[in-house]
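In case you want the letters, here they are:
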Amino acid sequence: MATNPPPIQQHEHCDEAIARELAEEIGITIPHLTGFVTLDTLDADNLRPAPSSEGTLPTVQVREPSDHRGRSVVGAHLVLIRNGTVLLGKRHANSAFAPSTRHLPAGHREQGESAMACVIREAEEETGLTIAESDLSLVHTLDLLDPGSPIPRIQLFFTASRWSGEPAVLEPDRCTEWRWWPLTALPEPTVEYTRAALEAISRDTPYNAMGWT
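None of these values were measured; they are calculated from a predicted model.

Caption draft 1: Expanded view of helix H2 (residues 115-127). Taking 1.5 Å of rise per residue, 13 residues should cover 18 Å, and H2 covers 18 Å from first to last C-alpha, within 8% of that figure. Buried within H2 are the following residues: Ala 115, Cys 118, Val 119, Ile 120, Arg 121, Glu 122, Ala 123, Glu 126 and Thr 127. Elements in contact with the buried residues of H2: strand E3 (73-79), strand E7 (106-108), strand E8 (136-144), strand E9 (153-160) and strand E10 (175-182). Just downstream of H2, Gly 128 is the residue with a positive phi angle, here 80 degrees.

Caption draft 2: Up close: the nonpolar core. Counting 19 residues, the largest nonpolar core has Leu 78, Leu 80, Ile 131, Leu 136 and Phe 158 as the members making the most contacts within it. Those elements giving two or more residues to this core turn out to be E3, H2, E9 and E10. Counting residues per element, this core draws most heavily on H2, which supplies five residues. Excluding its chain neighbours within four sequence positions, the residues that come into contact with Ile 131 are Leu 78, Leu 80, Ile 120, Ala 123, Leu 136, Ala 160, Arg 162 and Trp 163. Core analysis: the next-biggest nonpolar cluster, separate from the first, contains 17 residues, Val 86, Leu 104, Leu 144 and Phe 157 among them.

Caption draft 3: How the structure looks around helix H3 (residues 192-202). Across the eleven residues of H3, eight count as buried, placing the element largely inside the fold. Every buried residue of H3 is accounted for by Tyr 193, Thr 194, Arg 195, Ala 196, Ala 197, Leu 198, Ala 200 and Ile 201. Turning to H3, the residues buried within the fold contact E3, strand E5 (85-91), strand E6 (102-103), E8, E9 and strand E11 (207-210).

Caption draft 4: Just unusual backbone geometry, in detail. Backbone torsion omega between Glu 188 and Pro 189 reads -5 degrees, so that peptide bond is classified as cis. Along the chain, Pro 189 turns up in the loop between E10 and H3. At Asn 83, a position not held by glycine, the phi torsion is positive, near 55 degrees. Within the secondary structure, Asn 83 sits in the loop between strand E4 (81-82) and E5. Taking relative accessible area as the criterion, Asn 83 reaches 77% and is therefore assigned exposed. The phi angle at Asp 204 is positive, at roughly 60 degrees, despite the residue not being glycine. You can see Asp 204 is positioned in the loop between H3 and E11. With a relative accessible area of 68%, Asp 204 lands in the exposed category.

Caption draft 5: Quick look at the pattern of salt bridges. A full pass over the atoms with the stated rule returns nine salt bridges. The closest approach of N and O atoms between Glu 125 and Arg 121, which form a salt bridge, is 3.3 Å. Of this pair, Glu 125 and Arg 121 both sit in helix H2, four residues apart, roughly one helical turn. On the basis of relative accessible area, Arg 121 is assigned to the buried category, the value being 15%. Residues joined by salt bridges that share partners form a network here, namely Glu 110, Glu 113, Arg 121, Glu 122 and Glu 125.

Caption draft 6: Spotlight on the side chain of Ser 95. Within the secondary structure, Ser 95 sits in the loop between E5 and E6. The class of Ser 95 is buried, set by a relative accessible area of 12%. Polar side-chain contacts of Ser 95 include one of 3.0 Å to the backbone oxygen of His 92.

Rules and cut-offs
- Residues numbered from 1 in each chain as written.
- Predicted model: local features only at pLDDT ≥ 70, side-chain atom pairs only at ≥ 80, totals over all residues.
- Heavy atoms only, no water.
- Helix = DSSP H or I, 4+ residues; strand = E, 2+ residues; numbered from the N terminus.
- Expected span 1.5 Å × (residues − 1).
- Buried < 20%, exposed > 50% of the residue type's maximum accessible area, 1.4 Å probe, protein only.
- Contact = heavy atoms within 4.5 Å.
- Core = buried A, V, L, I, M, F, W, Y, C linked by side-chain atoms within 4.5 Å.
- Salt bridge = Lys/Arg side-chain N within 4 Å of Asp/Glu carboxyl O.
- Polar contact = N/O pair within 3.5 Å; in protein donor to acceptor, adjacent residues only side chain to side chain.

Given below as structure tokens:
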């Protein structure tokens, strides 16, 4: 199992740091520790340790590419349920995404913004509803790979135990209507992943993946 290397304190050698961490964390004392190899994460040209003529430890140099970790867009969605119905908006006919299709209040989180803060902001901007973070609960995570986009999306769905106000159309260029629909009879057309998420929520399924082969 890979672990992070122990932090080296001032005036402490690597072998001394390892011995100290072993003693502090698991109570093991190993006398006469012998180094085997030094790992330098700078260059991947030489991956095989070679003996040193000066008697020092051989070095394996490894370069980690800057794009070695995948990136995902995070979307936050509000699932408001009242008397067995869910709030859905009808997206504008000129919308770039899902025109004239029903969708939840949602948006992408902005720089430095948590997913919960995104939901609260989007709800207020789109519908005029006021929701406290303490009243939000994460009920579903959808791991989505859209065929039309090379970037995966993590879609988070939050419910609110209470809120203030009634939904109003505040961004008519994006949404032309808010309406409550029975959870058992969602309208057509509804965004495909939204429908899948609502069905998963009704089954108390916390995670689902779409678009992955």
